[in-house]
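So you can see what is in the structure, the chains are spelled out below.
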Amino acid sequence: MKKLSFVIGLLICILPFTPSYGAEEGKVLSPYFFVQSEDPTVDPFPLLETKAKVDIAGVIAAIELTQVYKNEGKRTIEAIYVFPLGTKSAIHAMRMKIGNRIIEAKIEERAAAKRIYEQAKQDGKVASLLEQERPNVFQMKVANIMPGDRIEVRVNYTELLVPEKGIYEFVFPTVVGPRYSNKQEGDAKDPDRWLKTPYLHEGEEPPYAFDIVARLRTGIPLSAVWVPSHKVTVQKERDRAEIHLAPEEKRGGNKDFILRYTLQGERIQSGLLLYPGEEENFFLLMLQPPTRVKPSAVPPREYVFIVDCSGSMHGFPLEVSKALITGIIQGLRRKDYFNILFFAGGSQVLSPHPLPATAKNRRKAIVMLEGQQGGGGTEILPALQRALALEKKEGLSRIIVTATDGYVAVEKEAFDLIRENLNKANFFAFGIGSSVNRYLIEGMARAGKGEPFVVTNQGEASQAAKQFAEYIKSPLLTDIEVAFQGFDAYDVEPPLLPDLFAQRPLILFGKYRDARGKTVVRGKTVWGDYKKVIAVSAQLEDAGNAALQYLWARERIARLDDYGKVGAEVKEEVTELGLRYHLMTQYTSFVAVDTIVREKPERS
Amino acid sequence: MTVKQPLPLPEGVSDYAVGGETRFQLAAPMSSLVKGRVMKEAADYSASEEKSVPPQIYLMGGKLPSGMTMGEAEQALSPVKGELEQLFQQWGLTKTIVLLTVEQGKVRSIQVKSYQGKGYKKEALEQVFRKITFSPSVKGTIELELVYL
């Protein structure tokens, strides 16, 4: 009876504290549901199919993405399509195919590309324009698609694959989740206008066909190959594999395609790759991390969990989030302290003070967590600010853990806030859901010197909670320094290596003059100093490593652009890098224009 | 005519994400399944689970000679942890920062830089810290921040 009254008391205490999420008034820059046009002469779904061909050789993935547009209406249209790519994608080529003619796109300064496109549109020429809206969100425009026309746009990009715990993962994102923004429509600037892209209703399948084929050539024998996100067929030989999407997944373009594989003996491909270019030479250093050693005693810590309970988390994502946070809370030790902040349009905390992780407090937290349903806006910045202002347990280092799908449009502002408060806490970000905004999750972790984690289903949640606890207990390598001895390296990215928590290799890009000398990496592990020497020789130079130039430039742009301060003047430098290395950036776009006039311009 | 290709909602994301419900609903009553689980968990609660874990000494930080790690310091401390815990409990100490002067890996003298608690006896502390041995190459001053939680 006593136990029962405790439970009832707990429920009564918790339920009235449900956050007072503010209802959004006025018309804000938010997406809307798609309502099919009444005009039967217009094709509302011009994207016929999207398909990808992925070639993975060693640690580098080369992806060819093809979008096919077809106008099945009776009027000439301009099609606009918003789509995602990986956060580390270096997009270096685009071409357009009309009938048998192929037009190579040019990289231009963003404003110039837009002018060229608009002029072609006015002139009645078929044209396509690819613009970056976010480092992982792009917009394709195709003008003057005449009734019956079929136009193919092909985009080439490359990515580096970095294994974690010996598992390689390639992610092909398929759809952009709806982003919450509280900005008024009239105040919106160009980079945010895509947020208004309409969405189909829940349960409606993607109206276009989706297909993907991946080919693996690893050099080292493969151990396992699997795709947790979609049904596929896998043909595996010694160090090669070919993966095809199952026919029933042709409408599977509403969740990230995730391909994972391991090499025999859980090996990872590490070492030095060199590319001798015509004007510049590039290198990539991948260094296997030291083995994890658990310290005998870990000091107590204070955890603050920030849990996204907004509308987009309603249902499955919030259930995954609850399972994850519950797992972490259950693993806390009595000497640890913790608190939880729930947010949507407003926010609410579990306690005004950090609570010791007693069984009673953990239970109270879990009951409160279970009561969350999801609804309202995603005001992540005030939530982060409030979390940072919460009373702190003196003497304990603070760890802030955010769990969200990341469907917000204030990524850079969040990075800034975290960077400015680094002395107050370490930040770890969990991305939850089938198509997480990885730009936000990875950026938050990088700005907060923590690690990014993505959990796509409830089954992974308990494993992720365990892994997280392990990372926090014992960082693998800290105070990392790299020295080049006799190896004339320059323009090294990143200039400072962050502490390494997860079991993933150290990655360093750069340019070099002569392929000789050595690279020395030093750091500290829990039990002692760490030192690794990597010899450099001309024998390692390989013209097949041409992708290194794009990856280096993408890395530098990422640092300047993605993680640069809001309002910082990096435009000139990023533009120069984009034009020089033929790369898509925030300030450079690909534009392709047909030379033939096929359509009389519409006059209003 | 411009057509914005509508996007499907990512799998698992509900209409609430794009204004399917314009006003936030207060956390609805828990589903019977969740409620049942919570009730069971809470029913499992008993005072016995709250039995206290005895306080321990933790090495929270400090300043070490070049080349030495916190892991090594922690390892060196571990043989005397029990004795230190007894002393901290006896004196009501919750935190202290000590400076150890070390030569050839052996503690020659100690100094208490600061402490939180009722007080301490330097001789007793010195007796315990002198039992610590570091690697023979360690020399100089080691600052250790210890908490008793």
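Higher on the page you've got the structure.
Please read all numbers here as calculations on a predicted model, not as lab measurements.

Notes on the environment of Asn254 of chain A
At step 1: Mapped onto the secondary structure, Asn254 of chain A falls in the loop between β14 (240-245) and β15 (257-263).
At step 2: Separated by 108 residues in sequence, Asn254 of chain A and Met146 of chain A place their C-alpha atoms 28 Å apart.
At step 3: Not counting residues within four places of it along the chain, the set of residues in contact with Asn254 of chain A comprises Thr174, Val175, Pro206, Ser434 and Ser435 of chain A together with Pro8, Leu9, Pro10 and Glu11 of chain B.

Side note on the nonpolar core
Residue and element names in this part refer to chain A.
At step 1: Grouped together as the largest cluster of nonpolar side chains are 96 residues, with contacts concentrated most on Leu130 and Phe172.
At step 2: Looking at which element gives the most residues to this core, the answer is helix α9 (residues 547-562), with 8 residues.
At step 3: Apart from residues lying up to four places away in sequence, Phe172 is in contact with Ala52, Ile63, Leu65, Tyr157, Phe210, Ile212, Asp256 and Phe257.
At step 4: Within the second largest apolar cluster, 38 residues are counted, among which are Ile340, Val401, Phe453 and Ala465.

Remarks on the environment of Leu130 of chain A
Residue and element names in this part refer to chain A.
At step 1: Mapping Leu130 onto the fold places it in strand β7 (residues 125-134).
At step 2: Given the relative accessible area of 0%, Leu130 is considered buried.
At step 3: Along the backbone, Leu130 and Leu47 are 83 residues apart, and their C-alpha atoms lie at a distance of 15 Å.
At step 4: Leave out the neighbours within four places in its chain, and Leu130 touches Phe83, Ile91, Met94, Phe138, Gln139, Met140, Val155, Met584, Ser589 and Phe590.

As for a negative patch on the surface
All names here are of chain A.
At step 1: A surface patch of like charges, here negative, comprises Glu569, Glu572, Glu573 and Glu576.
At step 2: Summarising the element assignment, Glu569 is placed in the loop between α9 and α10 (571-580).
At step 3: Overall, the relative accessible area of 70% leaves Glu569 in the exposed class.

Quick word on the packing of helix α6 (residues 411-420) of chain A against helix α7 (residues 438-447) of chain A
Residue and element names in this part refer to chain A.
At step 1: The interhelical angle for the contact between α6 and α7, taken along N-to-C directions, is 15°, at an axis separation of 9 Å. For the element pair α6 / α7, the angle class is roughly parallel. Both α6 and α7 take part in a crossing whose hand is right-handed. Residue-level inspection shows Glu411, Lys412, Ala414, Phe415, Ile418 and Arg419 of α6 in contact with α7, the latter providing Tyr439, Leu440, Gly443, Met444 and Ala447.
At step 2: Classifying every residue of the contact of α6 with α7 by side-chain character gives 7 nonpolar, 1 polar and 3 charged.

Considerations on the pairing of strand β8 (residues 137-145) of chain A
Residues and elements named next belong to chain A.
At step 1: Of all 9 residues that make up β8, 9 are buried, and the element is covered over most of its length.
At step 2: Note: strand β3 (residues 77-84) against β8, 7 bridges, orientation antiparallel. Across the sheet, the residue bridging to Ala79 is Val142, located in β8.
At step 3: With 7 bridges joining them, β7 and β8 adopt antiparallel strand pairing. Across the sheet, the residue bridging to Gln132 is Phe138, located in β8.
At step 4: Hairpin connection between β7 and β8: a loop of 2 residues separates the two successive antiparallel strands.

A look at the pattern of salt bridges
Residue and element names in this part refer to chain A.
At step 1: Taken as a whole and assessed by the stated rule, the structure comprises 40 salt bridges over all chains.
At step 2: A salt bridge links Arg260 to Glu169, with the nearest nitrogen and oxygen atoms 2.7 Å apart. Taken together, the positions of Arg260 in strand β15 and Glu169 in strand β10 (residues 167-172) put the pair 91 residues apart, joining distant regions of the chain.
At step 3: The exposure class of Glu169 is partly exposed, given its relative accessible area of 28%.
At step 4: Taken together, the shared-partner salt bridges connect Glu280, Asp491, Glu493, Lys511, Arg556, Arg559 and Arg580 into one network.

Considerations on helix α2 (residues 70-77) of chain B
At step 1: Regarding α2 of chain B, the residues found buried are Gly71, Ala73, Glu74, Ala76 and Leu77 of chain B.
At step 2: Turning to α2 of chain B, the residues buried within the fold contact β2 (57-63), α3 (81-91), α4 (122-129) and β5 (140-148) of chain B.

Quick notes on the rules
- Residues numbered from 1 in each chain as written.
- Chains lettered and ligands numbered in written order.
- Predicted model: local features only at pLDDT ≥ 70, side-chain atom pairs only at ≥ 80, totals over all residues.
- Heavy atoms only, no water.
- Helix = DSSP H or I, 4+ residues; strand = E, 2+ residues; numbered from the N terminus.
- Contact = heavy atoms within 4.5 Å.
- Core = buried A, V, L, I, M, F, W, Y, C linked by side-chain atoms within 4.5 Å.
- Buried < 20%, exposed > 50% of the residue type's maximum accessible area, 1.4 Å probe, protein only.
- Patch = residues over 30% accessible without salt bridge, like charges linked within 9 Å, V, L, I, M, F, W, Y side chains within 5 Å.
- Areas by Shrake-Rupley, 256 points an atom, 1.4 Å probe, with all protein chains shown as cover.
- Salt bridge = Lys/Arg side-chain N within 4 Å of Asp/Glu carboxyl O.
- Lys, Arg positive; Asp, Glu negative; His and termini not counted.
- Charge placed at Lys NZ, Arg CZ, Asp CG, Glu CD.
- Axes fitted to C-alpha atoms, helices over the stretch in contact; angles between N-to-C directions.
- Parallel < 35°, antiparallel > 145°, perpendicular 65-115°, else oblique.
- Left-handed = near helix turned anticlockwise from the far one by under 90°.
- Nonpolar A, V, L, I, M, F, W, Y, C, P; charged D, E, K, R; others polar.
- Pairing = 2+ DSSP bridges.

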